[in-house]
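Okay, here's what each chain looks like letter by letter:
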Number of protein chains: 2
Amino acid sequence: MKKLLFVLFLLPGISLAQNHEENIQSIFNLELTKGHTYENLRYLCKDIGHRLSGSPQAAAAVEYTRQLMESYGFDTVYLQPVMVPHWVRGGKDEVKIVNSEKLGTVDLQALALGNTQGTGPSGLVGEVVEVQGLEGLRALAEGAKGKIVFYNQPMDPTKVNTFQAYSGAVGQRGSGAAEASKYGAIGVIVRSMSNRIDHIPHTGNQRYNPDFPEIPSLAISTQDAELLSDLLKEQSDLKVFLKSQGEMRGQVLSYNVIGEIRGTERPDEIIAVGGHLDSWDVGEGAHDDGAGCMQAIEVLRIYKELGWKPKRTIRAVMWMNEENGLMGGREYARVAKEKGEKHIAAIESDSGGFLPIGFSSTGTESQRSKLASWRDYFTPYNIWKLDVPGGGADIGPLRDQGPILIGLHPDSQRYFIYHHTAADVFEAVDQRELELGAAAMTALVYLIEQEGI
Amino acid sequence: MKKLLFVLFLLPGISLAQNHEENIQSIFNLELTKGHTYENLRYLCKDIGHRLSGSPQAAAAVEYTRQLMESYGFDTVYLQPVMVPHWVRGGKDEVKIVNSEKLGTVDLQALALGNTQGTGPSGLVGEVVEVQGLEGLRALAEGAKGKIVFYNQPMDPTKVNTFQAYSGAVGQRGSGAAEASKYGAIGVIVRSMSNRIDHIPHTGNQRYNPDFPEIPSLAISTQDAELLSDLLKEQSDLKVFLKSQGEMRGQVLSYNVIGEIRGTERPDEIIAVGGHLDSWDVGEGAHDDGAGCMQAIEVLRIYKELGWKPKRTIRAVMWMNEENGLMGGREYARVAKEKGEKHIAAIESDSGGFLPIGFSSTGTESQRSKLASWRDYFTPYNIWKLDVPGGGADIGPLRDQGPILIGLHPDSQRYFIYHHTAADVFEAVDQRELELGAAAMTALVYLIEQEGI
């Protein structure tokens, strides 16, 4: 039976519609027995490592994924040039309490936020004032003048979808410096975006307001945020020393990396599936987002290994610069429009290589209903939530070109342990969870290339 | 509103039926913000450690959980005596290839299986013959005579529920020695029950056939199983040295530990919720089954912290000796019958402290339909599979007394990395996953004590 099917696949024009369950089973079985995703991720993490936009490692990751897709014999593999910001951390970040009556001098675990302008080599010292998120700052207002603002809003632990807790608190990280600067603050400390109390600082993007001074902005670990907050309750004139050597070095040339298998029946209808190749400059960018990149490549590789030819064109895309600029996602959409390409779906995996439980999406009622109608194909694999609102950062710019935007939706309990930290390494990824995600994406791509959406 | 509800709970006879969603939300919120499960598990794992039946640590775990439940002010806390087998490993286990033409002498990562009778201090040497599971042995039959049988059937990686893969392969571990001994084998090596290729040996129970010699039975890591298999393909006269100092020391007195909150309306209807307190004698028994025990205690603690009084009696049970005898589960059922107790439900968590995705159950059509009808209460917490067949080992003996048997059903991708190994330690447990499991069990107990089943 298996052999017969295989022969059928090689005959052009034979519909597989009646065999969706069986073909999806073939996808999962192949991935769980002979998948490449995990070993490819190992190489990306261990032999290249972290890869912030503009870094040598980002260039290595471009070349690695290009060669990898070439080696798999995809129909086309090419680089799409894109200018990206080149920020460098420049050295060890420091946050230090300098005048605690109780503890004296206390070093805190710190990481400058991305795109932060450094303090210069001598650092700066200032009195600390604690606020709960951006709302707290607005209440403090002029009280921030001359101070170091300490944003200490925790992620809400009662949100089962931890991305909702992240969304609820991340404003203080993204805009904390810009907003505090308006009131004359001289620096910013931000509680790490984590739902655990531990010693690991989490970096992440922040954006200045060009009309106000670019003050330094550093994250401290949740454990140290609790400590600092406790000490402030007893001693309100607590002073902190900040040092960061962050520097924005302008724009450099980088690339989106694209591999494609042309459709046999409707080659002009494109299904893009991808992740972002850049990562922060700590750890190995394993969950964020090496996992998504390797899963996307695996989608096309599975087609090659099974000898399947898709009706519509399927394209793996490694977007560059999701973390601190989104230039890759924007350029990809711009070029697609310029070329008159027709994307019918864009799928992104950028929520970590964890257990897949569904797909999030943004699209028309009809597109989203069609997606939801495929639920029974996925429940045998414990993937059951096909109606989550969402999508992905890199595919967002494609929205006005009409494709449904879909995000792989894994369980999120463990994501914010690792997100943007030195702990986001290969060993933090479970092989089976990663593979189930790759297979889920492949099954979804399969249904879309067969049935349209 | 919260305060009003709180007052209502204290008034006897007020039904909460209309507030199930809200009360379940209170359970999850409490557990995710101020749960004790994780810190209690830390103590059990780090301050007591592994706790094989009959060991000093098992006695310590009995006393710890007794004191813990006392400290929470449950209505009744007591020990239920039970005689348990006392097996000791006795020393370092060894499996060594002694005559490889290619590699010479090779030490393999090994752990004697539980209840194994040792080789004596000088060990034994024999030729190895590889088979695929018990079927392979039956095909080999007399060919096993005088040999060391090497069972090398892997777990099937295509099973998304890895317990199914375990069930498919574990016969060779449980009965491998007994069956091989019938054909005159002198010892047994078993591939570890793991779905990863790594260097960690997994122990587990095995049972001798009293009519045949008690031959030694040792597990080797999956990596070493692959190596041994590869070497055997090139050299069929490969010899292996086995050494184990395992010894069964008869029966000793131990206890099930029981804590109870009496029902206000139907105190004679009992809902038991528990895990097993014993573990294997390596690692810390964190997932197996410290997690389940601490979750069960948390169910009752949440009632105390919320100031709730259940309509029916709820009882946390730490069963002793699930791993190598099931004496605790059997004794619990025997005493319940003797006392004429009426269990309406027995719930066990013994599939690890991982992300809960549902409940498995065994019961009447009516009981199982009622359970399934509560699905919408759980889906907000991503718990959605309420119709999985199953239950739990310790609650099995209660079956003929009529309660529905229910197992917490977590995702199983990572369970067999840790199961019965030195790696099953506290650090392998994720706090949020563990807490979601505790909250899920509490919500289920809540629905049953309110609505019956």
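Residues numbered from 1 in each chain as written. Chains lettered and ligands numbered in written order. Predicted model: local features only at pLDDT ≥ 70, side-chain atom pairs only at ≥ 80, totals over all residues. Heavy atoms only, no water.

As named in an unreviewed UniProt entry, chain A is Carboxypeptidase Q, taken from Algoriphagus limi. Quoted verbatim from the Subunit (unreviewed entry) field of the UniProt record, the comment on chain A reads "Homodimer. The monomeric form is inactive while the homodimer is active." (UniProt positions renumbered as here; feature names shortened; annotations may be inferred.)

Student: In this structure, what is going on with the overall build of chain A? I would like to understand it.
Tutor: Looking only at helices and strands, chain A has 15 helices and 16 strands in total. Its C-alpha atoms give chain A a radius of gyration of 23 Å, near enough to 22 Å, the size a compact globule of 453 residues would have. Per-residue burial for chain A yields a buried fraction of 63% across its 453 residues. When contacts within chain A are restricted to residue pairs at least 6 apart in sequence, long-range pairs at least 24 apart make up 83% of them. Carbon and sulfur atoms make up 50% of the accessible area of chain A, which amounts to about 16,200 Å² in all. If the 44 positive side-chain charges of chain A are averaged to one point and the 58 negative ones to another, these points end up 3 Å apart. (Helix = DSSP H or I, 4+ residues; strand = E, 2+ residues; numbered from the N terminus. Rg over C-alpha atoms; globule rule 2.2 N^0.38 Å. Buried < 20%, exposed > 50% of the residue type's maximum accessible area, 1.4 Å probe, protein only. Contact = heavy atoms within 4.5 Å. Areas by Shrake-Rupley, 256 points an atom, 1.4 Å probe, with all protein chains shown as cover. Lys, Arg positive; Asp, Glu negative; His and termini not counted. Charge placed at Lys NZ, Arg CZ, Asp CG, Glu CD.)

Student: Help me understand the domain arrangement of chain A, please; the structure alone is not making it clear to me.
Tutor: A common measure of how large an interface is: the accessible area buried when the components associate. All names here are of chain A. Its domain assignment divides chain A into domain 1 (2-87 + 250-451) and domain 2 (90-245). Taking the mean C-alpha position of each, domain 1 and domain 2 sit 35 Å from one another. On the domain 2 side, the residues contacting the 16 residues of domain 1 number 23 residues. Counting each side, the surface lost to burial between domain 1 and domain 2 is near 1,600 Å², with a carbon and sulfur contribution of 60%. (Domains from an automatic or database assignment. Buried area = accessible area lost by both parts, 1.4 Å probe.)

Student: Any chance you could explain the interface of chain A and chain B here in plain terms?
Tutor: Listed by partner, the interface residues are 27 residues for chain A and 28 residues for chain B. Summing both partners gives a buried area of about 2,500 Å² for chain A against chain B, and 56% of it is carried by carbon and sulfur. Remark: the boundary between chain A and chain B carries two salt bridges. Counting every contact that joins chain A to chain B gives ten residue pairs in polar contact (both at pLDDT 80 or more). Where the side of chain A that touches chain B is concerned, the elements lending two or more residues are helix H2 (20-34) and helix H15 (431-451) of chain A. Within the side of chain A that touches chain B, the residues separate by chemical class into ten nonpolar, eight polar and nine charged. (Salt bridge = Lys/Arg side-chain N within 4 Å of Asp/Glu carboxyl O. Polar contact = N/O pair within 3.5 Å; in protein donor to acceptor, adjacent residues only side chain to side chain. Nonpolar A, V, L, I, M, F, W, Y, C, P; charged D, E, K, R; others polar.)

Student: Any chance you could explain the relation of the copies chain A and chain B here in plain terms?
Tutor: One copy of the chain maps onto the other through a rotation about an axis followed by a shift along the same axis. The transform that puts chain A on chain B rotates by 180° and translates by 0.0 Å along the axis, for an RMSD of 0.0 Å. The transformation relating the two chain copies, once decomposed into turn and shift, fits a two-fold axis. Nearest to the rotation axis, the C-alpha of Trp-384 of chain A is located 4.2 Å from it, this being the minimum over chain A. Most of the interface of chain A is mirrored in chain B: 100% of its interface residues are interface residues there too. (Least-squares fit on C-alpha atoms with pLDDT ≥ 70 in both.)

Student: So what exactly am I meant to see when it comes to the packing of helix H3 (residues 37-48) of chain A against H15 of chain A here?
Tutor: Angle between the axes and distance between the axes: these two values describe a pair of packed helices. Residue and element names in this part refer to chain A. The N-to-C vectors of H3 and H15 enclose an angle of 110°; their axes lie 9 Å apart at closest approach. One way to sum up the angle between H3 and H15 is to call them roughly perpendicular. Contacts between H3 and H15 involve Thr-37, Tyr-38 and Leu-41 from the former and Gln-431, Leu-434, Glu-435 and Ala-438 from the latter. Looking at side-chain class alone, the contact of H3 with H15 contains four nonpolar, two polar and one charged residues. (Axes fitted to C-alpha atoms, helices over the stretch in contact; angles between N-to-C directions. Parallel < 35°, antiparallel > 145°, perpendicular 65-115°, else oblique.)

Student: Explanation requested: the pattern of salt bridges in the structure shown.
Tutor: When the charged atoms of two side chains with opposite charge come close together, those side chains can pair. Residue and element names in this part refer to chain B. Summed over the entire model, instances satisfying the criterion amount to 58 salt bridges over all chains. The salt bridge partner of Glu-305 is Lys-34, with a shortest N-O separation of 3.6 Å. Taken together, the residues Glu-305 in helix H10 (residues 286-306) and Lys-34 in helix H2 (residues 20-34) connect sequence positions 271 residues apart. Exposure remark for Glu-305: the relative accessible area of 34% places this residue in the partly exposed category. Of the charged contacts, one joins Lys-337 and Asp-400 as a salt bridge, the two residues approaching to 3.3 Å between their closest N and O atoms.

Student: Help me understand the packing of helix H3 (residues 37-48) of chain B against helix H4 (residues 56-71) of chain B, please; the structure alone is not making it clear to me.
Tutor: Residues and elements named next belong to chain B. At a minimum axis distance of 11 Å, the contact between H3 and H4 shows a crossing angle of 150°. Regarding the angle of H3 to H4, the classification is roughly antiparallel. You can see that H3 and H4 cross each other, and the crossing is right-handed. Note on element contacts: H4 touches H3 through Gln-57, Ala-60, Ala-61, Tyr-64 and Leu-68, opposite Asn-40, Tyr-43, Leu-44 and Ile-48. Residue classes in the contact of H3 with H4 are distributed as seven nonpolar, two polar and no charged. (Left-handed = near helix turned anticlockwise from the far one by under 90°.)

Student: What am I meant to see in the pairing of strand E14 (residues 356-362) of chain B here?
Tutor: All names here are of chain B. The element E14 is largely enclosed, with a buried count of six among its seven residues. Bridge count for E14 against strand E15 (residues 385-389) is three bridges, and the pairing is parallel. Bridging across to E15, Gly-358 finds its partner in Lys-385. (Pairing = 2+ DSSP bridges.)

Student: Would you explain the UniProt feature "domain: Peptidase M28" (unreviewed entry) in chain A in this entry?
Tutor: The UniProt entry lists residues 256-440 of chain A under the feature "domain: Peptidase M28" (unreviewed entry), expressed in the numbering used here. A distance of 23 Å separates the end C-alpha atoms of residues 256-440 of chain A, which is 33% helix and 28% strand.

Student: Teacher, can you tell me more about the sheet that holds strand E4 (residues 110-112) of chain A here?
Tutor: Adjacent strands of a sheet form backbone hydrogen bonds with each other and so pair up, either parallel or antiparallel. Residues and elements named next belong to chain A. Taken together, eight strands build an open sheet; the order of strands is E3-E2-E9-E5-E6-E7-E8-E4 and the sheet is mixed. Both outer strands of the open sheet, strand E3 (104-108) and E4, are each paired with one neighbouring strand and no more. Strand-to-strand twist of the sheet, defined as the mean angle between neighbouring strand axes without regard to direction, takes the value 30°. Pairing of strand E7 (residues 187-191) with strand E8 (residues 217-220) involves four bridges; the strand directions are parallel. Each residue of the ladder has a partner; that of Arg-191, found in E8, is Ile-220. Lying over the sheet, helix H5 (residues 133-140) contacts strand E5 (124-131) and strand E6 (148-151), oriented at roughly 105° with respect to E5.

Student: Would you explain the packing of aromatic side chains in this entry?
Tutor: Aromatic ring pairs are defined here through the distance separating the ring centres and the angle between the ring planes. Tallied over the full model, the rule gives 31 aromatic pairs over all chains. For the pair Trp-319 of chain B and Tyr-332 of chain B, a centre-to-centre distance of 5.7 Å together with 85° between the ring planes defines the contact as edge-to-face. Here Trp-319 of chain B, found in strand E12 (residues 312-319), pairs with Tyr-332 of chain B, found in helix H11 (residues 327-339); they are 13 residues apart in sequence, far enough to count as distant. The class of Trp-319 of chain B is buried, set by a relative accessible area of 0%. Site record: aromatic cluster; members linked through ring pairs are Phe-163, Tyr-166, Phe-354, Tyr-415, Phe-416 and Tyr-418 of chain A. Its guanidinium or amino end placed over the ring of Tyr-72 of chain B, Arg-301 of chain B lies 5.9 Å from that ring's centre, counting from NZ or CZ. (Phe/Tyr/Trp six-rings, centres within 6.5 Å; stacked < 30°, edge-to-face > 60°. Lys NZ or Arg CZ within 6 Å of the ring centre and 35° of its normal.)

Student: I would appreciate a short explanation of the pairing of strand E16 (residues 404-410) of chain A in the present structure.
Tutor: Each regular strand carries side chains that alternate between the two faces of the sheet. Residues and elements named next belong to chain A. Within E16, seven of the seven residues are buried, which leaves the element mostly enclosed by the surrounding structure. Here E16 shows two buried faces, one formed by Ile-404, Ile-406, Leu-408 and Pro-410 and the other by Leu-405, Gly-407 and His-409. Across four bridges, the pairing between strand E13 (residues 342-348) and E16 is parallel. Note that in E16 the partner of Ala-346 across the bridge is Leu-405. Looking at chain direction, strand E14 (residues 356-362) and E16 are connected through six bridges and run antiparallel. The residue bridging Phe-359 from the neighbouring strand is Leu-408, located in E16.

Student: What is the right way to read the confidence of the model for chain A from this model?
Tutor: Detailed reading of the predicted model is not advised wherever pLDDT is low. Averaged over every residue, the pLDDT of chain A is 96; the share at 70 or more is 96%. Listed scores for the predicted complex are pTM 0.94 and ipTM 0.93. (pLDDT = per-residue confidence, 0-100.)

Student: I would appreciate a short explanation of the sheet that holds strand E11 (residues 266-276) of chain A in the present structure.
Tutor: Residue and element names in this part refer to chain A. Taking strand neighbours across the sheet as the criterion, the eight strands line up as E1-E10-E12-E11-E13-E16-E14-E15 in an open arrangement whose pairing is mixed. Edge positions in the open sheet fall to strand E1 (76-88) and strand E15 (385-389), since each of these has one partner strand only. Ignoring strand direction, the axes of neighbouring strands in this sheet form an average angle of 25°. Here strand E10 (residues 247-261) runs beside strand E12 (residues 312-319); their pairing, made up of five bridges, is antiparallel. Within E12, the residue paired with Gly-259 across the bridge is Ala-316. Along the sheet, helix H4 (residues 56-71) makes contact with E1, E10 and E12, crossing E10 at roughly 5°.

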